[in-house]
Amino acid sequence: MEEESKSLPSKDNFSEWYNELLMTAQIMDVRYPIKGVYVWYPFGFSIRKKVYNMLRNLLDVDHQETYFPMLIPKPELLKESEHIKGFEDEVYWVTHGGLSELEVPLALRPTSETAIYPMYKLWIRSHADLPLKLYQIVNTFRYETKHTRPLIRLREITSFKEAHTAHETWDDAEKQVHEAMDLYSEFFTKLAVPFIVHRRPEWDKFPGADYTMAFDAMMPDGKSLQIGTVHHLGTKFAKTYDITYEDDKGERQYVNQTCYGISERCIAAVIGIHGDNKGLVLPPNASQTQIVIIPIVFKKDEGGVKDACQKVKELLRANDIIAVIDDADERPGAKYYKWEMKGTPFRIEIGPRDLKNNSVMLVRRDGKKESISMDGLPETVRNKLMDFQTELLNVARDSMMSRVKSCETLDEAKQQIENGWATMPWCGDKACGLEMENVVNCKLLGEAHTIKGAGKCPVCGKATDRIITMARSY
Ligand code: P5A
Ligand code: ZN
């Protein structure tokens, strides 16, 4: 596929930079002629593959993967009144089969509760069937009316990982909420994406949930991006879809449920948080290729540089480090540009002088450069990849935390959210919360148990130790 060799707008103009990068680095093609629907380039898809394999591996420990239909009969979708109120203006409908109108219109799943739970009613009989923990990775469709953006706000979400669990008691389900949060924490940490978990306020929880815990990442422009959510569903859906089990006393009880989801927004977060003016920066865990080897050859291949490159590649591969050689007939500079754009974590340059010294030149994607010995190369490289991964996370986490500031007045908060997040006391009343959102023109992300404090509600003046995070959000 043709590479375009032009430079990116500065990352200071985040939106422009992001849109250009997706095309130039060949992650998403935004030219598909439907609003909110985009196409994965094979390179972008290789990132998706890496990232979702990681997610699968984490889930497969104690979940089972499955597949449910994309089409949902209208009566099933409409059964849960609170749920459908949240989604009714986002549903795509299939109304015809060929020329004939369908007797029962079919919805394209906006999420799969209403596809899965009628089957859970059939599958769950006794307490021996619990807990049940299934997940699927599918596309879902939401007729989003807010500004659509590739990977961030899609009308076809192509990589929707949704897990749905059923338990005996409310407390069992709550335990699952915590397990899911641990799993997501591990996932985002492996992706080098720092986050804060917020308990969403009542008016912003998942339609039909008892409560919602959300993972929020900070994008370079200071806006928040919800990169994953875990919902405690209580018995709400169980009552609607009549999902019961026989307990050990022989009595029928409603199951308690949870569901949790992640989409390709997690990849948008990696791109946004780590990328720079030269392009993508991928943490080694998210990159198909960890190392590009570039032969530095002059007129004739002095000292067997090409052979040495081949040997290094094989040595690394034998140690599970994915290396490729770029031996195209181009200037090294052009190659650097290309692989930097694609975010490859490390570049190894090998020239005649390096060979004489029994060493190679290692250049990290963030520019740090050092000569390392051929002896023990795979171990050195593996350690340095891990260091790089950890540093990316630490730098990003420090940068995020330095942009979260505690504020006392709404004016102060308004200033603060121009390039970060504001935290402030909130009495807990919905009316005060909505007023705060209005005046500051932001979203109340909710309470984070990692952020503590006390003070007075800026609206009603009541003393409180409830601290809420405020942000502009995607
Ligand atoms: C949990 C899984 C649900 O749908 N049902 C099954 C629950 N939750 S959610 O919060 O509505 O969505 C889960 C996550 O998906 C991402 N997301 C989106 N990503 C891209 N484009 C969209 N239009 C979109 N809508 C939601 C968010 O990360 C969200 O947390
Ligand atoms: Zn108040």
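Please read these numbers as outputs of a predicted model, since none were measured by experiment.

**A closer look at the packing of helix H2 (residues 42-60) against helix H6 (residues 170-190)**
The geometry of H2 relative to H6 is characterised by a closest axis approach of 10 Å and an angle of 150 degrees between their N-to-C directions. Taken together, the axis directions place H2 and H6 in an arrangement best described as roughly antiparallel. Of the two elements, H2 crosses H6, and the hand of that crossing is right-handed. Contacts between H2 and H6 involve Val51, Met54, Leu55, Leu58 and Leu59 on the former and, on the latter, Leu183, Glu186, Phe187 and Lys190.

**Some remarks on the coordination of the zinc ion (ligand 2)**
Protein coordination of the zinc ion (ligand 2) is provided by Cys427 (SG), Cys432 (SG), Cys457 (SG) and Cys460 (SG), with donor distances spanning 2.3 to 2.4 Å. Around the zinc ion (ligand 2) sit four donor atoms; with metal-centred angles ranging over 105 to 113 degrees, the donor geometry is tetrahedral. Each donor residue of the zinc ion (ligand 2) belongs to the same chain, and together they define the spacing C-x4-C-x24-C-x2-C. In this pair, Cys432 sits in helix H14 (residues 430-440) while Cys457 sits in the loop between strand E23 (455-456) and strand E24 (463-464), placing the two residues 25 residues apart along the sequence. Across the pair, exposure class does not vary: Cys432 and Cys457 are buried alike.

**Regarding helix H12 (residues 377-402)**
Taking 1.5 Å per residue, 26 residues should reach 38 Å; H12 reaches 37 Å between its end C-alpha atoms and fits that length. Of all the residues in H12, the buried ones are Leu377, Pro378, Val381, Leu385, Phe388, Gln389, Leu392, Leu393, Ala396 and Met400.

**Some thoughts on the site of ligand 1**
In the neighbourhood of ligand 1, 22 residues make up the surrounding shell, with Glu113, Glu144, Gln226, Thr229 and Ser263 lying closest. At a separation of 3.1 Å, a nitrogen atom of ligand 1 approaches a polar side-chain atom of His231. Within the side chain of Arg265, an N or O atom sits 3.4 Å from a nitrogen atom of ligand 1. Bound to the protein, ligand 1 loses 96% of the 600 Å² it would expose on its own. Contributing elements (two or more residues each) for the shell around ligand 1: strand E8 (156-167), strand E11 (224-234) and strand E14 (256-262). Looking at the shell around ligand 1, the element that brings in the most residues is E11, giving five residues. Residue classes in the shell around ligand 1 are distributed as eight nonpolar, eight polar and six charged.

**Details of the sheet that holds strand E20 (residues 404-406)**
In spatial order, the strands read E20-E21-E25-E22; together these four strands make up an open sheet with mixed pairing. Here the strands that pair on one side only, and so sit at the sheet edges, are E20 and strand E22 (443-446). Each strand axis lies, on average, 35 degrees off the axis of its neighbour in the sheet, ignoring direction. Pairing of E20 with strand E21 (residues 421-425) involves three bridges; the strand directions are parallel. What sits directly across from Lys405, in E21, is Ala422. Running at roughly 130 degrees to E22, H14 makes contact with E21, E22 and strand E25 (467-471) of the sheet.

**Things to note about the pairing of strand E18 (residues 359-364)**
Each regular strand displays side chains that alternate between the two surfaces of the sheet. Burial runs high along E18: five of the six residues are buried. Bridging between E18 and strand E19 (residues 369-373) involves five bridges; their strand directions are antiparallel. Its bridge partner lying in E19, Val363 is registered against Lys369. Counting the residues in the hairpin turn of E18 and E19 gives four residues, including Gly367, whose phi is positive at 100 degrees.

**Considerations on the side chain of Thr114**
Relative to the helices and strands, Thr114 is located in helix H5 (residues 113-123). Apart from residues lying up to four places away in sequence, Thr114 is in contact with Ile72, Glu76, Leu77, His83 and Tyr241.

**Concerning the packing of aromatic side chains**
Tallied over the entire structure, the rule returns 20 aromatic pairs. Plain terms: the ring middles of Phe188 and Phe195 are 6.0 Å apart, the flat faces sit at 55 degrees to each other, and that makes the pair tilted. Here the aromatic residues Tyr184, Phe187, Phe188, Phe195, Phe215 and Tyr260 are joined through ring pairs into a cluster of three or more. In this arrangement the basic side chain of Arg199 is found over the ring face of Tyr211, its NZ or CZ atom lying 4.2 Å from the centre. Residue placement shows Arg466 over the ring face of Trp426; its charged tip is 5.7 Å from the ring centre.

**So, the nonpolar core**
Across soluble globular proteins, you tend to see nonpolar side chains buried next to one another. Phe187, Phe188, Leu191 and Ile271 are the most contacted members of the largest nonpolar core, which totals 60 residues. Looking at this core, the element that brings in the most residues is H2, giving eight residues. Look past the residues within four positions of Phe187 in its chain and what remains in contact with it is Val51, Met54, Leu55, Leu58, Ile262 and Cys266. Leu77, Ala107, Tyr120 and Ala238 belong to the second-largest nonpolar core, a separate cluster that totals 26 residues.

**Description of a nonpolar patch on the surface**
On the surface, a nonpolar cluster with roughly 260 Å² of combined accessible area is contributed by Tyr32, Ile34 and Val39. Structurally, Tyr32 is set in the loop between strand E1 (28-29) and strand E2 (39-40). Overall, the relative accessible area of 41% leaves Tyr32 in the partly exposed class.

**A look at the packing of helix H1 (residues 14-24) against helix H8 (residues 265-274)**
Running from amino to carboxyl end, H1 crosses H8 at an angle of 115 degrees, the nearest separation of the two axes being 11 Å. H1 and H8 meet at a crossing whose hand is right-handed. Every residue of H8 that contacts H1 at Phe14, Trp17, Tyr18, Leu21 and Leu22 is listed here: Ala268, Ile271 and Gly272. Each residue belonging to the contact of H1 with H8 can be placed in one class, and the counts come to seven nonpolar, one polar and no charged.

The rules behind these values
Residues numbered from 1 in each chain as written. Chains lettered and ligands numbered in written order. Predicted model: local features only at pLDDT ≥ 70, side-chain atom pairs only at ≥ 80, totals over all residues. Heavy atoms only, no water. Axes fitted to C-alpha atoms, helices over the stretch in contact; angles between N-to-C directions. Helix = DSSP H or I, 4+ residues; strand = E, 2+ residues; numbered from the N terminus. Parallel < 35°, antiparallel > 145°, perpendicular 65-115°, else oblique. Left-handed = near helix turned anticlockwise from the far one by under 90°. Contact = heavy atoms within 4.5 Å. Donors = N, O, S within 2.8 Å, 3.2 Å for Na, K, Ca; no water. Tetrahedral: all angles 85-135°; square planar, octahedral: opposite > 155°, others 65-115°. Buried < 20%, exposed > 50% of the residue type's maximum accessible area, 1.4 Å probe, protein only. Expected span 1.5 Å × (residues − 1). Near = heavy atom within 4 Å. Polar contact = N/O pair within 3.5 Å; in protein donor to acceptor, adjacent residues only side chain to side chain. Areas by Shrake-Rupley, 256 points an atom, 1.4 Å probe, with all protein chains shown as cover. Nonpolar A, V, L, I, M, F, W, Y, C, P; charged D, E, K, R; others polar. Pairing = 2+ DSSP bridges. Phe/Tyr/Trp six-rings, centres within 6.5 Å; stacked < 30°, edge-to-face > 60°. Lys NZ or Arg CZ within 6 Å of the ring centre and 35° of its normal. Core = buried A, V, L, I, M, F, W, Y, C linked by side-chain atoms within 4.5 Å. Patch = residues over 30% accessible without salt bridge, like charges linked within 9 Å, V, L, I, M, F, W, Y side chains within 5 Å. Salt bridge = Lys/Arg side-chain N within 4 Å of Asp/Glu carboxyl O.

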